[in-house]
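Notes for the structure review
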Amino acid sequence: MAFTWWQKAVFYQIYPRSFADGNGDGIGDFKGMIEKLDYLKDLGVDALWLSPHFPSPNWDCGYDVSDYCGVAPEYGSLEDFKTFMHEAHSRDLKVILDLVANHTSDEHPWFIESKSSRDNPKADWYVWADTPPNNWQSCFDGDAWTYSPERNQYYYHYFMRQQPDLNWHNPAVEQAMWDAVRFWLDLGVDGYRLDAIGTIFEDPALTPHSLPFGLATLRHKSDIASTPEEKKAVSEYWEEMFKYQHSQPGVHELMKKLRSILDEYPGDRVLVAEDDNVEYMGNGSDELHMVFNFPLMRSDGPLSPEWVRANQHARQAELAKISADAWACNPLGNHDSQRVYTRFGDGTHDAERARLSLALLLSLRGTPFLYNGEEIGMTDLIITDPAKLRDTIAPWYYERMIHELGIDPQEAARRAGAFSRDRNRTPTQWSNTANAGFSPADVQTWLPVNPNYADGINVRDQQSDPISLLNFYKRLLRVRKNSPALIEGEQTFLHEDNNEYLTILRQTANQTVLVVLSFSKNRQALDFSDLPYKNAHTLFSSAGRSKSEENLKEIHLGAFEVFIAELH
Ligand code: NOJ
């Protein structure tokens with residue numbers, strides 16, 4: 001099997017608003033991103049995924065696009081984008097963009113025209129109904145049908161009311177979106193991360209869900225579910241509430257068309273879906289190249305060897321059904337989920353577990369996706385003042401908790417802050433100076449800076465500290481880059497009955513690499529003498545090792561150690 005660039009690459013997700021503020025206005029921008037390209041190259045990643053950089057009223061922080069072929073003015077101009085692409089490519093860094101195809105902003109000219117009358121040329125570009133035809137919910141803000149006085153009709157939105165769903169049954173919509181896709185491909189982008197493809201089509205029979213309550217109640221039920229039974233019931237409610245609004249027929253045909261557009265371009269451009277359903281990979285070569293292995297990150301608490309093995313076995317089996325070459329894609333965090341450091345911490349060994357998480361991602365078979373700031377161990381910041389929340393789904397929930405569910409305002413504020421994705425989108429912490437070096441000291445940043453930048457959680461301090469998370473990460477990225485087995489190798493788990501440590505064997509024809517991740521605070525002696533090798537040559541260890549050659553009969557593993565060795 002010949003491996004393509006996106007199988008070998010480590011991807012790094014940039015959240016443009018929070019990554020680097022080049023013009024000092026409190027908001028990230030292309031100038032800032034360009035200035036940080038050397039940092040990213042030096043870090044050792046290979047490809048960048050940019051969350052939306054398009055003009056947007058920002059009801060959903062860029063995922064409500066008002067011009068698919070433009071650049072948000074606060075991020076710069078199209079020229080700035082081109083410079084960014086050129087500078088990234090000249091450093092051998094690939095760039096993929098976010099394609100938000102399910103919906104536009106309600107300020108997109110397409111929607112403004114569509115809602116202006118019932119017989120304009122774009123009247124049928126969105127999903128309209130005379131009266132709400134069912135009890136469908138938006139997964140962000142309650143009723144999925146919103147009234148438009150101009151048409152005296154209702155439009156459908158799976159996400160916020162400011163994000164009307166496009167009518168993909170209309171060929172003109174398809175054409176317009178493919179034109180936008182080509183616009184950026186023509187400028188040289190290396191592919192797309194596809195937002196929310198599962199929700200592009202709805203049940204044509206418009207079947208209502210059967211629950212006697214709406215989104216706010218369900219959210220609250222999820223919030224307070226604590227026992228396994230309650231959690232199971234809640235996940236069944238979610239499935240029931242939304243099952244007629246996603247995974248409907250038609251998407252595969254669209255994905256095939258999109259794939260054929262990409263295939264017209266040279267350079268193995270890539271498509272990766274924000275969806276964990278491997279069926280979007282079609283027959284392995286006619287739809288998407290990859291889908292995210294989200295189940296890996298859905299553990300209830302810290303990751304464990306057992307959890308990872310079960311996930312990997314299930315995943316590899318699903319991929320094998322697609323094709324022998326179907327390739328995995330592993331994330332542990334992104335702009336929608338808690339920070340890795342927070343999410344997989346246990347309150348006692350958070351730092352150790354953060355290192356394990358990062359090492360895990362770089363050791364598993366498949367393309368790793370890293371979210372900006374994880375390399376320095378940024379943590380969630382809970383915003384408790386509702387007026388400061390910017391992720392608008394949180395204020396919506398806050399209002400509903402108080403006015404619909406009768407929850408005490410203080411408690412509602414706490415819950416809204418914990419629920420808001422602002423917690424994991426705060427500005428990147430570049431240094432131990434005011435505003436974490438993200439923006440000048442006297443500037444109000446778009447989201448508050450996490451004050452823990454002053455406690456060593458910033459790039460500059462960690463660059464000069466040889467044992468920092470950042471340097472741990474850099475070293476690991478280099479080990480991976482220099483070990484074909486870690487990139488291309490087959491994957492086998494050893495000692496599968498053990499839940500204290502995870503052992504992964506990665507093998508190509510010419511190299512065998514053993515990865516051992518200790519999830520335990522105890523030291524352990526491990527015996528790998530049943531392997532057809534004698535010695536292990538250390539490639540990486542997070543603990544001090546006195547010798548570089550270990551005998552496979554007895555390897556002493558330190559507490560929470562990350563140990564990677566080449567076997568011979
Ligand atoms: C998924 C994106 O990751 C999320 O941030 C966004 O809110 C929704 N899709 C809607 O576009």
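Since we're looking at a predicted model, the values are computed, not measured.

**Focus: the environment of R91**
Secondary-structure assignment places R91 in the loop between helix 5 (78–90) and strand 3 (94–100). The sequence separation of R91 and L40 amounts to 51 residues, and the corresponding C-alpha distance is 9.7 Å. Setting aside anything within four residues of it in sequence, one finds R91 in contact with L37, D38 and K41.

**Quick notes on the side chain of D422**
Relative to the assigned elements, D422 resides in the loop between helix 15 (409–419) and helix 16 (459–463). Although D422 is buried, it forms no salt bridge, and the closest oppositely charged side chain is R425 at an N-O distance of 5.2 Å. Residues within four places of D422 in sequence aside, it is in contact with I383, L389, R390, D391 and L447.

**Some points on helix 6 (residues 109–116)**
Those residues of helix 6 that sit buried are W110, F111 and S114. Relative to the axis of helix 6, the buried residues are bounded by an arc of 90° and lie together on one face. The inward-facing, buried residues of helix 6 abut strand 4 (128–129), strand 8 (153–156) and helix 7 (171–186).

**A few points about the domain arrangement of the chain**
Interface size is commonly expressed as the accessible area that is lost once the parts come together. For the chain, the assigned domains are domain 1 (109–156) and domain 2 (482–567). Look at where the C-alpha atoms of domain 1 and domain 2 centre, and you get two points 57 Å apart.

**Things to note about the pattern of salt bridges**
If you walk through the whole model with that rule in mind, you get 37 salt bridges. The closest approach of N and O atoms between D42 and K474, which form a salt bridge, is 2.8 Å. Placement of the pair is D42 in helix 4 (residues 37–43) and K474 in helix 17 (residues 469–481), with a sequence separation of 432 residues. Judged by its relative accessible area of 34%, D42 is partly exposed. Through salt bridges with shared partners, a single ionic network connects D60, D336, D391, R421 and R425.

**A closer look at the site of the ligand**
Inspection of the region around the ligand gives D60, Y63, H103, F140, F159, R193, D195, E274, H335, D336, R421 and R425 as its neighbouring residues. A distance of 2.5 Å is found between an oxygen atom of the ligand and a side-chain nitrogen or oxygen belonging to D60. One nitrogen or oxygen atom from the side chain of H335 is found 2.8 Å from an oxygen atom belonging to the ligand. If the ligand stood free it would expose 290 Å²; the protein chains cover 97% of that surface. Taken together, the residues that form the shell around the ligand break down as three nonpolar, two polar and seven charged.

**A short note on the environment of H220**
Relative to the helices and strands, H220 resides in helix 8 (residues 215–224). For H220, a relative accessible area of 17% corresponds to the buried category. Residues H220 and T367, spaced 147 residues apart in sequence, show a C-alpha to C-alpha distance of 35 Å.

**Observations concerning helix 5**
In this model, helix 5 (13 residues) spans 18 Å end to end at C-alpha, consistent with the 18 Å of a helix rising 1.5 Å per residue. By the burial criterion, the buried members of helix 5 are F81, F84, M85 and A88. Burial along helix 5 is one-sided: seen end-on, the buried residues are contained in an arc of 95°. Those residues of helix 5 that are exposed and aimed more than 90 degrees away from the buried face are E79 and H86. Elements in contact with the buried residues of helix 5: helix 3 (30–35), helix 4, strand 2 (47–50), strand 3 and helix 7. Just past helix 5, the residue D92 takes up positive phi, approximately 65°.

**Some points on the packing of helix 13 (residues 350–363) against helix 17**
Relative to each other, helix 13 and helix 17 sit at 15°, their axes nearing to 10 Å. The angle between helix 13 and helix 17 falls in the class roughly parallel. In the packing of helix 13 onto helix 17, the handedness of the crossing is right-handed. Contact residues: R355, L358, A359 and L362 in helix 13; L469, F472, Y473, L476, L477 and R480 in helix 17.

**Focus on the sheet that holds strand 18 (residues 535–541)**
Read across the sheet, six strands follow the order 14-15-16-21-18-19 without closing on themselves; strand pairing throughout is antiparallel. At either margin of the open sheet sits one strand with a lone partner, and together these are strand 14 (490–494) and strand 19 (549–551). Taking each pair of neighbouring strands and ignoring which way they run, the sheet shows an average axis angle of 30°. Strand direction decides the pairing type here: strand 15 (residues 501–507) and strand 16 (residues 512–518), joined by seven bridges, are antiparallel. Across the sheet, I504 pairs through a bridge with V515, a residue of strand 16. Taken strand by strand, helix 13 contacts strand 14, strand 15, strand 16 and strand 21 (562–567), and its axis lies near 155° from that of strand 16.

**Describing the sheet that holds strand 2**
Ordered in space as 11-10-9-3-2-1-13-12, the eight strands form an open sheet in which the pairing is parallel. Each edge of the open sheet is held by one strand with a lone partner, namely strand 11 (290–291) and strand 12 (329–331). Of the pairings in the sheet, the one linking strand 2 to strand 3 comprises four bridges and is parallel in character. Looking at strand 3, one finds that L48 is bridged to V95.

Conventions used here
Throughout this document, residue positions are counted from 1 along each chain, in the order its sequence is written. Reporting of local features is limited, given that this is a predicted model, to residues whose pLDDT is at least 70; pairs of side-chain atoms are given and counted only at 80 or more, and all residues count toward the totals for whole chains, interfaces and linings. Excluded from the side-chain calculations are hydrogens and water; all other atoms, namely the structure's heavy atoms, are used. Think of it this way: any DSSP run of H or I at least four residues long counts as a helix, any run of E at least two long counts as a strand, and we number them from the N terminus. Note on definitions: a residue-residue contact is assigned when non-hydrogen atoms from the two residues lie within 4.5 Å. Burial classes: relative accessible area under 20% of the type maximum marks a residue as buried, over 50% as exposed, and values in between as partly exposed (1.4 Å probe, protein chains only). The charge count treats Lys and Arg as positive and Asp and Glu as negative. His and the chain ends do not count. What counts as a salt bridge is simple: a side-chain nitrogen of Lys or Arg found within 4 Å of a carboxyl oxygen of Asp or Glu. Comment: arc refers to directions from the helix axis out to C-beta atoms. Residue ranges assigned to the domains are those given by an automatic or database domain assignment. Proximity is defined per residue: if any heavy atom of the residue lies within 4 Å of a molecule or strand, that residue is considered near it. Between N or O atoms, a polar contact is any pair within 3.5 Å; within protein, one atom must be a potential hydrogen donor and the other a potential acceptor, and residues adjacent in sequence are included only when both atoms are from side chains. Every accessible area reported is derived by Shrake-Rupley at a probe size of 1.4 Å, with residue values counting cover from the shown protein chains alone. In this classification, the charged set is Asp, Glu, Lys and Arg, the nonpolar set is Ala, Val, Leu, Ile, Met, Phe, Trp, Tyr, Cys and Pro, and all remaining amino acids, among them Gly, are polar. Under the convention used throughout, the expected extent of a helix is 1.5 Å for every residue step, that is, one less than its residue count. Fitted lines through C-alpha atoms serve as axes, helices being fitted only where they are in contact, and the angles separating the N-to-C directions of these axes extend from 0 to 180 degrees. Comment on the angle field: the value is read as roughly parallel under 35 degrees, roughly antiparallel over 145, roughly perpendicular from 65 to 115, and oblique elsewhere. The crossing is said to be left-handed when, going from far helix to near helix, the turn is anticlockwise and less than a right angle, and right-handed when the turn is clockwise. When DSSP finds two or more bridges between a pair of strands, those strands are recorded as paired.

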